[in-house]
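Observations on the model geometry
So you can see what is in the structure, the chains are spelled out below.
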Amino acid sequence: MDIEKVNSMDFGEFVDVFGNVIERCPLIAAAVWSQRPFSNLEDLEKHFFAFIDALPQSGREGILRCHPDLAGRELQQGTLSAESRREQSGAGLTSLDADERLRLAELNAQYRARFGFPFVLAARRSDRAAVPRELARRLRCPPAQELRTALAEVKKIGHLRLADLLGAHPAGL
Ligand code: GUN
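Residues numbered from 1 in each chain as written. Predicted model: local features only at pLDDT ≥ 70, side-chain atom pairs only at ≥ 80, totals over all residues. Heavy atoms only, no water.

Concerning the packing of aromatic side chains
All chains considered together, the criterion is met by seven aromatic pairs. Judged by centre distance (6.1 Å) and plane angle (20°), the ring pair of Phe14 and Phe38 falls under stacked. Placement of the pair is Phe14 in helix α2 (residues 11–18) and Phe38 in the loop between α3 (26–33) and α4 (41–54), with a sequence separation of 24 residues. We note that Phe14, like Phe38, is buried. A ring pair is formed by Phe115 and Phe117, whose centres lie 5.9 Å apart and whose planes are at 20°; its orientation type is stacked. Residue Phe115 shares its accessibility class with Phe117, and that shared class is buried. A network of ring pairs unites the aromatic residues Tyr111, Phe115, Phe117 and Phe119 as a single cluster. For the cation-ring pair, Arg36 lies above Trp33, with the distance from its terminal atom to the ring centre recorded as 3.6 Å. (Phe/Tyr/Trp six-rings, centres within 6.5 Å; stacked < 30°, edge-to-face > 60°. Helix = DSSP H or I, 4+ residues; strand = E, 2+ residues; numbered from the N terminus. Buried < 20%, exposed > 50% of the residue type's maximum accessible area, 1.4 Å probe, protein only. Lys NZ or Arg CZ within 6 Å of the ring centre and 35° of its normal.)

Now the structure itself:
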């Protein structure tokens, strides 16, 4: 898909296509549509990220809370978004054994209890061994730093999803 095609989309089509660039936050795509025309992929991405950066802390935490746990209940129940499912599957999180699942569930619960939002990681840049390691490491970070790290991961996920949609090569993140 090229940028002319993106710029020609009406509101409904744009939100259908880009509504999950930021997981379960179609409101962001709805706001970004008003900023068209976009000069290229980087410009489009800049508007998604500027919207996030302009939110107060409660809004940025809200974005994190829209994310499902990695290898969590929604994966077991089959209720993940198509993008999240693909990313988690690519990282091997759909084929964990019972011990790995339990360990991740415990770490996810500890993380949520400490920070008040779920652990978010660009799963496509990770794998089943690295996820619990990174989760355990980030659990020890100060909350303000962790909020910044988690939002940087949201942007990595968004970058990869946008690059997929526009058929572009993602930057080496
Ligand atoms: N990384 C990539 N997709 C997701 C997701 O849906 N949830 C979380 N927590 N991390 C992700």
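Thoughts on the nonpolar core
Membership of the largest hydrophobic core comes to 45 residues, with the highest contact counts inside it found for Phe14, Phe18, Ile22, Leu44 and Phe48. Contributions of two or more residues to this core are made by α1 (3–8), α2, α3, α4, α5 (57–65), α8 (98–115), α9 (130–139) and α10 (143–165). For this core, the two domains that each supply at least three residues are domain 1 (3–62) and domain 2 (69–158). (Core = buried A, V, L, I, M, F, W, Y, C linked by side-chain atoms within 4.5 Å. Domains from an automatic or database assignment.)

Description of the site of the ligand
Inspection of the region around the ligand gives Glu23, His67, Pro68, Leu70, Ser84, Glu87, Phe119, Val120, Leu121, Ala123, Ile157 and Arg161 as its neighbouring residues. Between the ligand and Leu121, the relevant distance is 2.4 Å, taken from a nitrogen atom to a main-chain nitrogen or oxygen of the residue. Alone, the ligand offers 280 Å² of accessible surface; in the complex the protein occludes 100% of this. When residues of the shell around the ligand are traced back to their parent elements, those giving at least two are α7 (82–90) and α10. Residues that form the shell around the ligand fall into these classes: seven nonpolar, two polar and three charged. (Near = heavy atom within 4 Å. Polar contact = N/O pair within 3.5 Å; in protein donor to acceptor, adjacent residues only side chain to side chain. Areas by Shrake-Rupley, 256 points an atom, 1.4 Å probe, with all protein chains shown as cover. Nonpolar A, V, L, I, M, F, W, Y, C, P; charged D, E, K, R; others polar.)

A look at the packing of α3 against α4
Angle between the axes and distance between the axes: these two values describe a pair of packed helices. Between α3 and α4, the shortest axis-to-axis distance is 10 Å and the interhelical angle comes to 120°. When the axes of α3 and α4 are compared, the pair comes out oblique. As for the relative orientation of α3 and α4, their crossing is right-handed in sense. Residue-level inspection shows Ile28, Ala29, Ala31 and Val32 of α3 in contact with α4, the latter providing Leu44, His47, Phe48, Phe51 and Ile52. (Axes fitted to C-alpha atoms, helices over the stretch in contact; angles between N-to-C directions. Parallel < 35°, antiparallel > 145°, perpendicular 65-115°, else oblique. Left-handed = near helix turned anticlockwise from the far one by under 90°. Contact = heavy atoms within 4.5 Å.)

What about the environment of Asp69?
Residue placement: Asp69 occurs in the loop between α5 and α6 (73–77). Each C-alpha atom, one on Asp69 and one on Ala113, is 13 Å from the other, the two residues being 44 residues apart in sequence. In contact with Asp69, not counting residues within four places along its chain, are Gln88, Asn108, Arg112 and Pro118.

Looking at the side chain of Glu153
Tracing the backbone through its elements, the reader meets Glu153 in helix α10. Here the side chain of Glu153 touches Ala122 through a polar contact of 2.7 Å, landing on its backbone nitrogen. In this structure, Glu153 is in contact with Val120, Leu121, Ala122 and Arg138, ignoring residues within four places of it in sequence.

Quick word on the domain arrangement of the chain
Many authors give the size of an interface as the accessible area that is lost as the parts come together. What the domain assignment reports for the chain is domain 1 (3–62) and domain 2 (69–158). Distance between the C-alpha centres of domain 1 and domain 2: 24 Å. If you look at the interface, domain 1 gives 11 residues, while domain 2 gives 12 residues. Both faces considered, domain 1 and domain 2 share a buried interface measuring about 1,000 Å² in area, 59% of it formed by carbon and sulfur atoms. Remark: the boundary between domain 1 and domain 2 carries two salt bridges. Among the salt bridges present, the one from Glu74 reaches Arg24, with a minimum N-O distance of 2.7 Å. The tally of links from domain 1 across to domain 2 stands at six residue pairs in polar contact (both at pLDDT 80 or more). Breaking the side of domain 1 that touches domain 2 down by element, the ones donating at least two residues are α4 and α5. (Buried area = accessible area lost by both parts, 1.4 Å probe. Salt bridge = Lys/Arg side-chain N within 4 Å of Asp/Glu carboxyl O.)

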